[in-house]
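Spelled out from the first residue to the last, the chains are:
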Amino acid sequence: MATLPHPRLSGKGVYAITDGPRDDLFAAVEAALAGGARLLQYRDKTTDAARRRQEAAELASLCARHDVPLIINDDVVLAKETGAAGVHLGVQDVSIAEARAALGPGAIIGVSCYGSLERARQMRDESADYLGFGAMYPSTTKPHAPVTTHDVLTQACQLGLPVVAIGGLTPDNARPVIDAGADYIAVVSALFASPDIQAATRRFADLFDARPGIL
Ligand SMILES: Cc1ncc(COP(=O)(O)OP(=O)(O)O)c(N)n1
Ligand SMILES: Cc1ncsc1CCOP(=O)(O)O
Ligand SMILES: [Mg+2]
């Protein structure tokens, strides 16, 4: 069981998740990083192994230049090959033990808990580095993702690990999610479908900073 948060997950902020394949992937990610994203996930559900390998490798060096951890969705082998900081695992992916054996003790292993506090406790005890909760709101990126409550998110934030909230987040609805205690807000479409990715990322990032009217 983890006793301290992973050293690269000690902050709070925006966790940008890519929506590729797209021709301007690197420019889009550069814009998100310039806007203040603190974590980046490469999420590409295609089976084009060569393109995925090339893109993940390029993103690994881009993220290293910005000192932002790169997390690979689903694919431990790709994370290992590209020297990414870690991997995100869902219920259909390999176990934490398998990922840890491949990537080592310093890797960031994040897991989806959906709305299940029971799964979250189990994942914590299996050495997860962060707990993902959501969808918090209906998501166009993942329309069948069940929506969980802010109350569950609040309870998840008592479990001693960083909590990532995901799903349908926009700059206009993310405030209560942050107030419920989320350490990171993970966003796909409200960043990468925006005409100004840098400004969109900055709007989310600013929600973690000073609150107008509150001293
Ligand atoms: C930060 C974060 N949280 C949740 C997910 C969803 O993972 P999963 O349930 O495995 O679904 P896919 O993203 O693989 O479709 C995520 N990727 N990142
Ligand atoms: C991968 C995932 N898991 C739950 S919702 C979601 C998609 C999030 O995308 P968006 O920010 O566009 O709703
Ligand atoms: Mg997955």
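Residues numbered from 1 in each chain as written. Chains lettered and ligands numbered in written order. Predicted model: local features only at pLDDT ≥ 70, side-chain atom pairs only at ≥ 80, totals over all residues.

Draft legend 1. Inspection of the site of ligand 1 at higher detail. Lining the immediate environment of ligand 1, one finds 15 residues, of which Gly90, Ser112, Gly132, Ile166 and Ala186 sit closest. Sorting the residues of the shell around ligand 1 by element identifies β1 (13-17), β5 (108-114) and β7 (163-166) as the ones contributing at least two each. Residue classes in the shell around ligand 1 are distributed as five nonpolar, seven polar and three charged. (Near = placed C-beta within 6 Å. Helix = DSSP H or I, 4+ residues; strand = E, 2+ residues; numbered from the N terminus. Nonpolar A, V, L, I, M, F, W, Y, C, P; charged D, E, K, R; others polar.)

Draft legend 2. Examining the UniProt feature "binding site: 4-amino-2-methyl-5-(diphosphooxymethyl)pyrimidine" (unreviewed entry) in the protein more closely. Sites flagged by UniProt as "binding site: 4-amino-2-methyl-5-(diphosphooxymethyl)pyrimidine" (unreviewed entry) map to Gln41, Tyr42, Arg43, Asp44, Lys45, Asn73, Ser112 and Lys142. Judged by the 25 C-beta atoms lying within 10 Å of it, Gln41 is buried. With residues up to four places along the chain from it excluded, the contact list for Gln41 reads Tyr15, Ile17, Thr18, Ile71, Asn73 and His88. Checked against the element boundaries, Ser112 lands in strand β5. Classification of Ser112 as buried rests on a count of 21 C-beta atoms within 10 Å. Ser112 has contacts with Gly90, Val91 and Gly132, leaving out every residue within four places of it along the chain. (UniProt positions renumbered as here; feature names shortened; annotations may be inferred. Buried ≥ 20, exposed ≤ 12 C-beta atoms within 10 Å, placed from the backbone. Contact = placed C-beta atoms within 7 Å.)

Draft legend 3. Just the sheet that holds β5, in detail. As summarised here, the arrangement of the eight strands in space is β1-β2-β3-β4-β5-β6-β7-β8, forming a closed barrel in which the pairing is parallel. For this sheet, the mean angle separating the axes of adjacent strands, direction not counted, is 25°. As defined by bridge partners, β5 adjoins strand β6 (residues 130-133) across four bridges and the pair is classed as parallel. Note on β6: the bridge partner recorded for Val111 is Leu131. Relative to β1, helix α9 (residues 197-206) is tilted by about 145°, and along the sheet it contacts β1 and β8 (184-187). (Pairing = 2+ DSSP bridges. Axes fitted to C-alpha atoms, helices over the stretch in contact; angles between N-to-C directions.)

Draft legend 4. Representation of the site of ligand 2 within the structure. Residues in contact with ligand 2 amount to 15 residues; listed here are only the nearest, Ser139, Thr141, Gly167, Val188 and Ser189. When the residues that make up the shell around ligand 2 are grouped by side-chain class, the tally is seven nonpolar, seven polar and one charged.

Draft legend 5. Broad picture of the nonpolar core. Of all hydrophobic cores here, the largest spans 69 residues; its most connected members are Leu40, Leu131, Val163, Val164, Ala165, Ile185 and Val187. Residue contacts for Ala165: discarding those within four places in its chain leaves Phe133, Gly134, Met136, Leu153, Val177, Ala182, Ile185 and Ala186. (Core = buried A, V, L, I, M, F, W, Y, C linked by C-beta atoms within 7 Å.)

Draft legend 6. Examining the packing of helix α1 (residues 25-34) against α9 more closely. It is the contact of α1 with α9, at a shortest axis distance of 7 Å, that shows an interaxial angle of 35°. α1 and α9 meet at a crossing whose hand is right-handed. Here Ala28, Ala31, Ala32 and Ala34 of α1 lie close against α9, whose contacting residues are Ile197, Gln198 and Thr201. (Left-handed = near helix turned anticlockwise from the far one by under 90°.)

Draft legend 7. View of unusual backbone geometry. Put simply, Gly20 and Pro21 share a cis peptide bond, and its omega is 5°. Residue placement: Pro21 occurs in the loop between β1 and α1. Cis rather than trans, the peptide bond between Gly134 and Ala135 has omega equal to 20°. You can see Ala135 is positioned in the loop between β6 and α6 (150-156). For Asp67, which is not glycine, the phi torsion reads 55° and is therefore positive. In this structure, Asp67 sits in the loop between α2 (49-66) and β3 (70-73). The phi angle at Ser127 is positive, at roughly 85°, despite the residue not being glycine.

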